[in-house]
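Below, each chain spelled out in residue letters.
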Amino acid sequence: MNFSWINELPFFPTDPRIWILQVFVVIFCTAIVNLLLTRIWDVLGKSATVDKVFFGDVLLNASRLPLQIFIWLGGICAAIWIISRVLPWPLLQYMPDAVRIVVVALITLFCARLISGLEEELTDPAAVEKPLEPTTASAVGRLLRVSIYITAALVILQTMGYSISGVLAFGGIGGLAVGFAAKDVLANFLAALMLY
């Protein structure tokens, strides 16, 4: 991340004596934005519950925590950058990669929370006319969450500089071998699930 354009702004002078005030202002503004976002989410959540918006409350609940963490992450990164102008840290060269990893983790958290919320919503008879079987919804939800976690782990490894082409090739060949070996077991399992 390159924050050099901030030096040109009038409220970020280059005088190092006021960096404590600048850090305080950034953290204070971050807290205000977080408070306003919490109030907006509360109002939207009440209107989605009252108006019976289709899965609106699930989307709002899933995005609340990741968005709050993202706002605090932005404020903390800006504060660290201000401090680094006065006290240079050698570890700041890893900050862009760390921010990317945290953003991938937040997207993963949002997707996992969304899947869990949809699983609860689709099995609730009060929410939908024809609710899904809880066992089927739980199995599909777990499968989707595991696939999201594996994808996030691969993206994080790629961000850290590791080549994941070997892992993907091994996973493809391993998946093919497991698929052929477990063909009969899976057929029987799915038949039993359909009968159940």
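Residues numbered from 1 in each chain as written. Predicted model: local features only at pLDDT ≥ 70, side-chain atom pairs only at ≥ 80, totals over all residues. Heavy atoms only, no water.

Caption draft 1: Local environment of helix α3 (residues 95-123). Between its first and last C-alpha atoms α3 spans 42 Å; for 29 residues at 1.5 Å apiece the expected length is 42 Å, and the two agree. Every buried residue of α3 is listed here: Met 95, Val 99, Val 104, Leu 106, Thr 108, Ala 112, Ile 115, Gly 117, Glu 119 and Glu 121. Elements that come into contact with the buried residues of α3 comprise α2 (56-86) and α4 (134-159). (Helix = DSSP H or I, 4+ residues; strand = E, 2+ residues; numbered from the N terminus. Expected span 1.5 Å × (residues − 1). Buried < 20%, exposed > 50% of the residue type's maximum accessible area, 1.4 Å probe, protein only. Contact = heavy atoms within 4.5 Å.)

Caption draft 2: Structural view of the nonpolar core. Core analysis: the largest hydrophobic core is formed by 6 residues, namely Val 23, Val 26, Ala 79, Trp 81, Ile 82 and Ile 83. Within the residue set of this core, elements represented by two or more residues are α1 (19-51) and α2. Per element, the largest residue contribution to this core is 4 residues, and it comes from α2. (Core = buried A, V, L, I, M, F, W, Y, C linked by side-chain atoms within 4.5 Å.)

Caption draft 3: Spatial organisation of the packing of α3 against α4. Between α3 and α4, the shortest axis-to-axis distance is 10 Å and the interhelical angle comes to 175°. Judged by the angle between their axes, α3 and α4 are roughly antiparallel. In this structure, α3 contributes Asp 97, Arg 100, Ile 101, Val 104, Thr 108, Cys 111, Ala 112, Ile 115, Ser 116, Glu 119 and Thr 123 to the contact, and α4 contributes Pro 134, Ala 137, Ser 138, Gly 141, Leu 144, Arg 145, Ile 148, Tyr 149, Ala 152, Val 155, Ile 156 and Thr 159. Among the residues forming the contact of α3 with α4, the class breakdown is 13 nonpolar, 6 polar and 4 charged. (Axes fitted to C-alpha atoms, helices over the stretch in contact; angles between N-to-C directions. Parallel < 35°, antiparallel > 145°, perpendicular 65-115°, else oblique. Nonpolar A, V, L, I, M, F, W, Y, C, P; charged D, E, K, R; others polar.)

Caption draft 4: Up close: the packing of aromatic side chains. Tallying each qualifying case throughout the model produces 1 aromatic pair. With 6.1 Å between their ring centres and 20° between their planes, Phe 24 and Phe 28 make a pair best called stacked. Of this pair, Phe 24 and Phe 28 both sit in helix α1, 4 residues apart, roughly one helical turn. Overall, the relative accessible area of 47% leaves Phe 28 in the partly exposed class. (Phe/Tyr/Trp six-rings, centres within 6.5 Å; stacked < 30°, edge-to-face > 60°.)

Caption draft 5: Representation of the packing of α2 against α3 within the structure. Two elements in contact, α2 and α3, have axes whose closest approach is 7 Å; the angle formed by their N-to-C orientations is 165°. When the interaxial angle is binned, α2 and α3 end up roughly antiparallel. Handedness of the α2/α3 crossing: right-handed. Across the contact of α2 with α3, the residue classes break down as 19 nonpolar, 3 polar and 3 charged. (Left-handed = near helix turned anticlockwise from the far one by under 90°.)

Caption draft 6: Looking closely at the environment of Thr 159. With respect to the helices and strands, Thr 159 occurs in helix α4. Between the C-alpha atoms of Thr 159 and Asp 97, which are 62 residues apart in sequence, the distance is 6.7 Å. Aside from chain neighbours lying at most four places away, what touches Thr 159 is Asp 97, Arg 100 and Ile 101.

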